[in-house]
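What the coordinates show
Listed here are the chains, written in short residue letters.
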Amino acid sequence: MYLQSYFVIGQLMDVSIVGRCCFSSKILSILICKDTKHSDISSQICTRFKELQADEIELTYAIEEHSSCLLETEMDLRVLHLSLSKENVNAVDINVIHGGSKVSSNGEQDKMD
């Protein structure tokens, strides 16, 4: 009985990811649940970084040997979840790129070519 209840509770638990959104040498940590939408992520970022607007940003993340995966659609978000669960990882760095600028790994903005 105990194992059965634990299994049911385990099925109901949501697998969440911590997204560390890097912009202008600052990091905003957000919770990305399975039902989180791309627009939710953009909205949270733009609410905290007042100088940004959702239609002016691009989001990328790195996983395995892929250093610049786009995070633009709901499908991209599902791929992010699947990729991280496959690797048994629960956090990801998300680069916030703003209108022709890119945040480099040291937190400074570099102009994109």
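The structure presented is a predicted model; accordingly, all values stated were derived computationally and were not measured.

**Regarding the overall build of the protein chain**
In terms of helices and strands, the protein chain carries three helices and seven strands. The order of helices and strands in the protein chain, counted from the N terminus, is α-β-β-α-β-β-α-β-β-β. With 113 residues in all, the protein chain has 33% of them scored as buried. Sequence-distant contacts in the protein chain: of pairs separated by 6 or more residues, those separated by 24 or more amount to 47%. In the form shown here, the protein chain has an accessible surface area of approximately 7,700 Å², with 53% of it arising from carbon and sulfur atoms.

**What about the side chain of Asp76?**
With respect to the helices, strands and loops of the structure, Asp76 is situated in helix H3 (residues 74-86). For the buried Asp76, no salt bridge is present, and the opposite-charge side chain at shortest range is Arg78, 9.7 Å distant. With residues near it in sequence (within four places) discarded, Asp76 still touches Tyr61, Leu70 and Leu71.

**A look at the side chain of His81**
As for its placement among the helices and strands, His81 is situated in helix H3. In this structure His81 comes out as buried when scored by relative accessible area, which is 11%. Among all residues touching His81, those that are not within four sequence positions of it are Val15, Ile17, Ile32, Cys33 and Lys34.

**What to know about the nonpolar core**
Formed by 23 residues in total, the largest nonpolar core has its most connected members in Ile45, Leu52, Leu59, Tyr61, Leu80, Ile94 and Val96. If you list the elements that add at least two residues to this core, you get strand S1 (17-23), strand S2 (26-32), helix H2 (38-48), strand S3 (57-63), H3 and strand S5 (91-98). It is S3 that contributes the most residues to this core, four residues altogether. Ignoring sequence-local partners within four residues, the contact set of Ile45 consists of Cys21, Leu28, Leu52, Ile57, Leu59 and Val96.

**Structural notes on the confidence of the model for the protein chain**
Regions with low pLDDT carry predicted coordinates that are not meant to be interpreted in detail. When pLDDT is averaged across the protein chain, the result is 81; 75% of the residues are at 70 or more. Note on residues 1-13: pLDDT under 50 across the span, and zero contacts to partners over four residues away in sequence or across chains. The model gives residues 101-113 a pLDDT under 50, and that stretch makes 25 contacts with residues more than four places away or in other chains.

**Structural notes on the pairing of S5**
Where S1 lies against S5, five bridges are found, and the strand directions are parallel. Following the sheet pairing, Gly19 is matched in S5 by Val92.

**Brief notes about the environment of Ser67**
Secondary-structure assignment places Ser67 in strand S4 (residues 66-70). In contact with Ser67, not counting residues within four places along its chain, are Tyr61 and Ala62.

How each quantity is defined
- Residues numbered from 1 in each chain as written.
- Predicted model: local features only at pLDDT ≥ 70, side-chain atom pairs only at ≥ 80, totals over all residues.
- Heavy atoms only, no water.
- Helix = DSSP H or I, 4+ residues; strand = E, 2+ residues; numbered from the N terminus.
- Buried < 20%, exposed > 50% of the residue type's maximum accessible area, 1.4 Å probe, protein only.
- Contact = heavy atoms within 4.5 Å.
- Areas by Shrake-Rupley, 256 points an atom, 1.4 Å probe, with all protein chains shown as cover.
- Lys, Arg positive; Asp, Glu negative; His and termini not counted.
- Salt bridge = Lys/Arg side-chain N within 4 Å of Asp/Glu carboxyl O.
- Core = buried A, V, L, I, M, F, W, Y, C linked by side-chain atoms within 4.5 Å.
- pLDDT = per-residue confidence, 0-100.
- Pairing = 2+ DSSP bridges.

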